[in-house]
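Chain and residue survey
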Amino acid sequence: MAWTAQPRRAIPAGMKKGDHLFLIDGSGYIFRAYHALPPLTRKSDGLPVGAVSGFCNMLWKLMQDARNTDVGLVPTHFAVIFDYSSKTFRNELYPEYKANRSAPPEDLIPQFGLIRQATKAFNLPCIEMEGFEADDLIATYCKLACEAGGDTTIISSDKDLMQLVGDTVGMYDPMKDRQIGIPEVIEKWGVPPEKMIDLQALTGDSVDNVPGVPGIGPKTAAQLLEQFGDLDGLLERAGEIKQDKRRESIIANADKARISRQLVTLMNDVPVVDGLDDFVLHAPDGPKLIGFLKTMEFTSLTRRVAEATGTEAGDVQAVAVTVERADTAHGPDVGAGAPTAAPSTAGTNEAGAAPAAVMGEAAKAGDTPSLLAALRLEAASAARIDAGAYVTIRDTATLKAWLAEARETGVVAFDTETTSSDPMLADLIGFSMAIAPGRAAYMPLAHKSGAGDLLGGGMLENQVPIREALALLKPLLEDRSVLKIVQDVKYDIVVMSRHGVDVAPFDDTMLISYVLDAGTGHHTLSALSDKWLGHATTPLKDLAGSGRSSVGFEQVDIDRATAYAAGHADVAFRLWQVLKPRLAAKGLVSVYERLERPLVPVLARMEQRGISVDRQILSRLSGELAQGAARLEEEIYGLVGERINIGSPKQLGDILFGRMGLPGGSKTKTGQWSTSAQLLEDLAAEGHELPRKIVDWRQLTKLKSTYTDALPGFIHPDTRRVHTSYALAATTTGRLSSSDPNLQNIPVRTAEGRKIRTAFIADKGHKLVSADYSQIELRVLAHVAEIPQLTQAFADGADIHAITASEMFNVPVEGMPSEVRRRAKAINFGIIYGISAFGLANQLSIPREEAGAYIKKYFERFPGIRDYIDATKAYAREHGFVETIFGRRIHYPEIRSSNPSIRAFNERASINARLQGTAADIIRRAMVHMDEALEKAGLSARMLLQVHDELIFETVEAEVEATIPVVRRVMENAPMPAVSMSVPLHVDARAANNWDEAH
DNA sequence: ACAGAAGCTTA
DNA sequence: GTAAGCTTCTGTT
């Protein structure tokens, strides 16, 4: 139905019973849309319009939806409410209110004005008032509407507004398509709307700087309000609270709670100028609205509005918009900051060139990558995902039809459903695929009846047999002309590889997101779906339950499994359409193509190979550790006088610093005594017997529980090797991480710990080869900061810490005292970590002033490093990210925080990220090139493990001598040809029967 | 049963 | 001072 069909009210008159007022929290929406939607959607002239696009889509959708909903949700009155300025009457109440709000992001600033213009283009009133927040105006209009007998719906999900919810006032969250009434408020916060004020007064709000009562969160607050009725009752009878800390905190902070209550209470008697009769809804002026939308280049919304209003879009001219530009000429624009030396050839993988028809109808000649990216996003965020529309594939004929269609389009998203999150143990239960947005299917393969007896229930009927299914899938999954889209493809590659299927070529939505947005959150399917599609995926536990009562996916009802699994393929497909063009738009294609995608099969092979671990060695060590720990336990009990739980820092602290009265006890942030190793070591150095024994006990029990006892449990029943799992997208800097088990933190520093490494062994007739980069991060620093002395020292193969000490303290390297070198070494590490006087002082156990003096001295001798640090901070602050020398971006969205410690932390992290991230890129490149180099050299060596700057191989004994030079060459030349470093890289390599001796 | 804190392992 | 993951204890769900 066309919009113009909306019944008009002839005469504007206030409001009457049955009327319905819609109030949009415009300011809240802007910020939410900005953060939820693409960071950098831009119009073709560079104007950032992501939030405006979201706002217009929302407004339009809201009106369409509202018209289709039951009676009572059709608006008769409509207004959009904005904040006027940051200073309000609350600042007089409490000067710190919202004081830690940082300035809006640069690319959001021009959008404030545009959103007001959008509101006017929709023919809607745009309401704001100096000295009051939008929330106060909303409260006031709610009250006016209620008094007039009308209903109100507030378009927002802000908890600050929930206090207004009542019989005639509801809320609606347009992003999650969720109505919020009294039951929803109670469900979310545990209190009815009228108690929200008291709840917020207790919990406070760190974003707005509302203090609240420290230590009281929403759960505790709700429980207290339940018990005491309201805040006043609680404050009066606070003495009755049983928990010591809670009682004390509430008594001590009663004033804060009272001021917080004033701050969060919305004012509902603002002297507003516009009355409700000004809000009577009028039909939009088609040409006026379309003119605006055209100007903003929101093509698909323009088309939809034109259809609905019966306007011919082609007849409408774009209009002028006024923009408060922060700096559109130099903003973080697409294509800027491309890697200086990374080549950007298409590569040999057909996956790089998806068929134009699939990549999008909009990709016509003349369109820029960023325009395509913007169009994709607009379409995706407006689309609805219907889980009821998916198909269940139950026979080979249907499967063949889907496979034929996938081959035709050349692109297919798929996902596997299995029995385990460990791909080496996972059994295939089902397979889902999507060939276009909304066109997805699930093929159950091994679902069982839920009514399982001890034998686990029988296999259900009407499922394609796994062998047949795999035989049909294999040609498609291996077809070089069909691109497979998968979220976290390494998992599926390992699973399919165990069934003899070699998945290629592929795109991985998780990795694309990681390249685009490292540092801005997680890259799981659910997070990406929320962020880009505005679609909440169903948690697995909704289907399979959790904990004790959970069942395997094979027990999940097939209809529900279809909605879930096909939904994943559908979402992956849509995400790919949105995210892939953004790589080109932001100049990040080569990072994805060179550092991410090719590493996936390399890591999949490493994980599948695993490494041999000697059970007997671990078992013997475990016994020794148990004995040592038991002896220490008896000695500790003797000294303490009772059998405390040594593993409980709480009990330990109470005994050591409470009962025994040892000195120097400091506090953790929860107020407990600190019993850190550092502190116990200090006490031991003062001659106390007990702390030494505790430190020793901790070392033994740590080694036992984390390593000697846990590792045997990871030995695979079939391969009899240990298969770790590498995460490609878990760190912000580009490093890998390892888990299940983590083989990147196997002990090495102490003799006791190193024994664990002797259990990692080569097969019979084989050797382990360990090759590690020497000082790679300092070499990267010397290169990027262009420090002549350091570059020269590395070129000479000199002792870098000694050279640093010599420069700083004017002492010759010959005969240098080890203490002098140790301090220089600590400073060098400090630089890599984004040095602070506080941290260096801690590390060296010296006064902060002295540490500060060292740093000052260091910068005098190496002014280039100070310049590098300053330039990095400035760049990060301007752009919100830093880059490695290969163009990898690492984002620091909080770097402009007004909180000095948050800001300083982000500055240090960004300084470190360029160095750590570049080193991570270098070893990634080495790993990508390694297998081919070994094969070319006719060597059978296989890469098994990566530990950040070290690679561990297994090779037949006879080839050890030939392997080491190849490995060194590949690692040392890894930056080439993309980057030619001014500092040589150096790799040490050794071979031995176990990891301890090889390292 | 789960979440957070504390502590410890690595580069 | 950077970047991770795992275990134990503790308090809450």
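Structural data are supplied above this passage.
A brief report on the enclosed structure follows.

The rules we used
Residues numbered from 1 in each chain as written. Chains lettered and ligands numbered in written order. Predicted model: local features only at pLDDT ≥ 70, side-chain atom pairs only at ≥ 80, totals over all residues. Heavy atoms only, no water. Helix = DSSP H or I, 4+ residues; strand = E, 2+ residues; numbered from the N terminus. Buried < 20%, exposed > 50% of the residue type's maximum accessible area, 1.4 Å probe, protein only. Contact = heavy atoms within 4.5 Å. Areas by Shrake-Rupley, 256 points an atom, 1.4 Å probe, with all protein chains shown as cover. Phe/Tyr/Trp six-rings, centres within 6.5 Å; stacked < 30°, edge-to-face > 60°. Lys NZ or Arg CZ within 6 Å of the ring centre and 35° of its normal. Pairing = 2+ DSSP bridges. Near = heavy atom within 4 Å. Polar contact = N/O pair within 3.5 Å; in protein donor to acceptor, adjacent residues only side chain to side chain. Nonpolar A, V, L, I, M, F, W, Y, C, P; charged D, E, K, R; others polar. Axes fitted to C-alpha atoms, helices over the stretch in contact; angles between N-to-C directions. Left-handed = near helix turned anticlockwise from the far one by under 90°. Salt bridge = Lys/Arg side-chain N within 4 Å of Asp/Glu carboxyl O. Core = buried A, V, L, I, M, F, W, Y, C linked by side-chain atoms within 4.5 Å.

Looking now at the overall build of chain A. Helix and strand content of chain A: 39 helices and 22 strands. In chain A, which comprises 999 residues, the share counted as buried stands at 52%. By sequence separation, contacts in chain A at least 24 residues apart represent 69% of the contacts at least 6 residues apart. Accessible surface for chain A amounts to roughly 43700 Å². Of this, 51% is attributable to carbon and sulfur atoms.

Residues alanine 504 and proline 505 are joined by a peptide bond in cis, for which omega reads -10°. At the junction of aspartate 740 and proline 741, the peptide bond is cis and its omega measures out at -5° in the coordinates. Summarising the element assignment, proline 741 is placed in the loop between β15 (737–739) and α29 (751–757). One non-glycine residue with positive phi stands out, namely asparagine 123, at about 65°. Checked against the element boundaries, asparagine 123 lands in the loop between α4 (109–121) and β3 (126–127). In the Ramachandran plot, asparagine 462 falls in the positive-phi region, its phi being about 60° despite a non-glycine side chain. Tracing the sequence through the fold places asparagine 462 in the loop between β10 (439–444) and α17 (466–477).

With that out of the way, let us pick up helix α20 (residues 525–533). Listing the buried residues of α20 in full gives Leu525, Leu528, Ser529, Lys531, Trp532 and Leu533. Looking at the residues trailing α20, positive phi occurs at glycine 534, about 60°.

For the structure shown, the criterion picks out 15 aromatic pairs. When the ring of phenylalanine 22 is compared with that of phenylalanine 78, the centres are 5.5 Å apart and the planes differ by 45°; the resulting orientation is tilted. Here the residue phenylalanine 22 occupies a position in strand β1 (residues 20–25), and phenylalanine 78 occupies one in strand β2 (residues 77–81), the gap between them amounting to 56 residues. On the basis of relative accessibility, which here comes to 4%, the residue phenylalanine 22 falls in the buried class. One aromatic cluster is present, built from ring pairs that chain together Tyr442, Phe553 and Tyr564. Positioned above the aromatic ring of phenylalanine 82, the side-chain terminus of arginine 116 is 4.5 Å from the ring centre. A cation sits over an aromatic face here: arginine 439 above tryptophan 402, 5.0 Å from the ring centre.

This next bit is on the pairing of β2. Counting buried residues in β2 gives five out of five residues, a clear majority hidden from the surface. Residues His77, Ala79 and Ile81 of β2 are buried on one face, and the alternating residues Phe78 and Val80, pointing to the opposite face, are buried as well. Sheet topology places β2 next to β3; two bridges connect them, and they run parallel. Opposite isoleucine 81, over in β3, you have isoleucine 127 as the bridge partner.

Attention now moves to the protein's contact with DNA strand C. Neighbouring DNA strand C are 35 residues, the closest being Ser648, Asp740, Asn742, Ala826 and Phe838. If you look at DNA strand C and keep only atoms within 4 Å of the protein, 72% of those are sugar or phosphate atoms. Residue serine 737 places a side-chain N or O atom 3.0 Å away from a phosphate oxygen belonging to DNA strand C. The side chain of arginine 908 places a nitrogen or oxygen atom 3.4 Å from a phosphate oxygen of DNA strand C. For the surface near DNA strand C, the secondary-structure elements that each account for two or more residues are α28 (689–708), β15, α33 (818–832), α34 (837–844) and α37 (900–936). Broken down by element, the surface near DNA strand C gets its largest block of residues, five residues, from α37. Of the residues belonging to the surface near DNA strand C, the class tally is nine nonpolar, 19 polar and seven charged.

Here we come to the protein's contact with DNA strand B. Around DNA strand B there are 25 residues in total, and Arg548, Thr668, Thr670, Thr675 and Val748 lie nearest to it. Taking the atoms of DNA strand B that fall within 4 Å of the protein, sugar and phosphate contribute 82% of them. Within the side chain of threonine 675, a nitrogen or oxygen atom sits 2.8 Å from a phosphate oxygen of DNA strand B. At 3.4 Å from a sugar or linking oxygen of DNA strand B is found a main-chain nitrogen or oxygen belonging to valine 947. Take the surface near DNA strand B: its biggest share by element is four residues, from α28. The residue makeup of the surface near DNA strand B, split by class, is seven nonpolar, 11 polar and seven charged.

Moving on, we come to the environment of leucine 301. Relative to the helices and strands, leucine 301 is located in helix α13 (residues 299–309). In this structure leucine 301 comes out as buried when scored by relative accessible area, which is 0%. C-alpha of leucine 301 to C-alpha of serine 53: the two residues are 248 residues apart in sequence and 9.1 Å apart in space. If sequence neighbours within four positions are ignored, leucine 301 has contacts with Cys56, Asn57, Trp60, Leu293 and Glu378.

Here we take up the packing of helix α19 (residues 509–517) against helix α22 (residues 558–585). Orientation of α19 relative to α22, taken along the N-to-C sense of each, is 35°, at an axis distance of 9 Å. The two elements α19 and α22 cross, and the hand of that crossing is left-handed. Residue-level inspection shows Thr509, Ile512, Ser513, Val515 and Leu516 of α19 in contact with α22, the latter providing Ala572, Leu575, Trp576, Leu579, Lys580, Arg582 and Leu583. Considered class by class, the residues forming the contact of α19 with α22 number eight nonpolar, two polar and two charged.

It is possible for side chains of opposite charge to pair when their charged atoms get near one another. Enumeration according to the criterion identifies 46 salt bridges in this entry. Here aspartate 507 ties to lysine 580 by a salt bridge, and the two come within 2.9 Å at their closest N and O atoms. Of this pair, aspartate 507 sits in strand β12 (residues 506–508) while lysine 580 is found in helix α22, placing the two residues 73 residues apart along the sequence. Residue lysine 580 is classed as buried on the basis of its relative accessible area, which comes to 11%. A salt bridge links glutamate 596 to arginine 888, with the shortest nitrogen-to-oxygen separation between them at 2.8 Å. With glutamate 596 in helix α23 (residues 589–596) and arginine 888 in the loop between β18 (881–883) and β19 (889–891), this residue pair connects regions lying 292 residues apart in the sequence. Each member of the pair, glutamate 596 as well as arginine 888, carries the same accessibility label: buried.

Now for the environment of glutamine 163. Locating glutamine 163 in the fold gives a position in the loop between β4 (151–155) and β5 (169–173). Under the relative-accessibility criterion, glutamine 163 is labelled buried at 13%. Placed 32 residues apart in sequence, glutamine 163 and lysine 195 show a C-alpha to C-alpha distance of 7.2 Å. For glutamine 163, the residues in contact, after removing those within four places along its chain, are Pro193, Met196, Ile197, Gln200, Val264, Thr265 and Leu266. A polar contact of 2.8 Å, which involves the side chain of glutamine 163, links it to the backbone oxygen of valine 264.

All right, on to the sheet that holds β5 then. Strand order in the open sheet formed by six strands is β3-β2-β1-β4-β5-β6, with mixed pairing between adjacent strands. Two strands bound the open sheet, and with one partner strand each, they are β3 and β6 (178–180). Packing of helix α5 (residues 134–147) onto the sheet brings it into contact with β1, β2, β3, β4 and β5, and relative to β1 it is tilted by some 175°.

It is worth spelling out the sheet that holds strand β22 (residues 987–992) at this point. Spatial ordering of the open sheet is given by β20-β21-β17-β22, a layout of four strands whose pairing is antiparallel. Two strands lie at the open edges of the sheet, namely β20 (942–946) and β22, each paired on one side alone. Averaged over all neighbouring strand pairs, the angle between strand axes comes to 25°, with direction disregarded. Direction of pairing for strand β17 (residues 766–773) relative to β22: antiparallel, over a ladder of six bridges. Across the sheet, residue valine 769 finds its bridge partner in β22, namely alanine 991. The strands touched by α37 are β17, β20 and β21 (950–956); relative to β21, the strand with the most contacts, the crossing angle is about 15°. Each of β17, β21 and β22 touches helix α38 (residues 960–972); the most contacted strand, β22, lies at about 155° to it.

Glancing now at the pairing of β21. The buried fraction of β21 amounts to six of the seven residues, a majority that puts the element mostly inside the structure. Examined bridge by bridge, β17 and β21 share seven bridges and lie antiparallel to one another. By the bridge assignment, aspartate 772 is partnered in β21 with glutamate 950. By the bridge criterion, four bridges tie β20 to β21 in an arrangement that is antiparallel. Within β21, the position partnered with methionine 943 by the bridge is phenylalanine 953. In this antiparallel pair of consecutive strands, β20 and β21, the connection spans three residues, and histidine 948 shows a positive phi of 70°.

What follows is about the nonpolar core. Looking at soluble globular proteins, one finds that nonpolar side chains tend to be buried together. Grouped together as the largest cluster of nonpolar side chains are 195 residues, with contacts concentrated most on Tyr773, Ile865 and Met927. No other element matches the 13 residues that α22 contributes to this core. Apart from the residues within four sequence positions on either side, methionine 927 is in contact with Leu599, Val602, Leu603, Met606, Leu736, Met943, Gln946 and Leu951. Judged by nonpolar contacts, the second largest core, of 49 residues, contains Ala79, Ile138, Ala238 and Ile250.

Keep in mind these values describe shape, not function.
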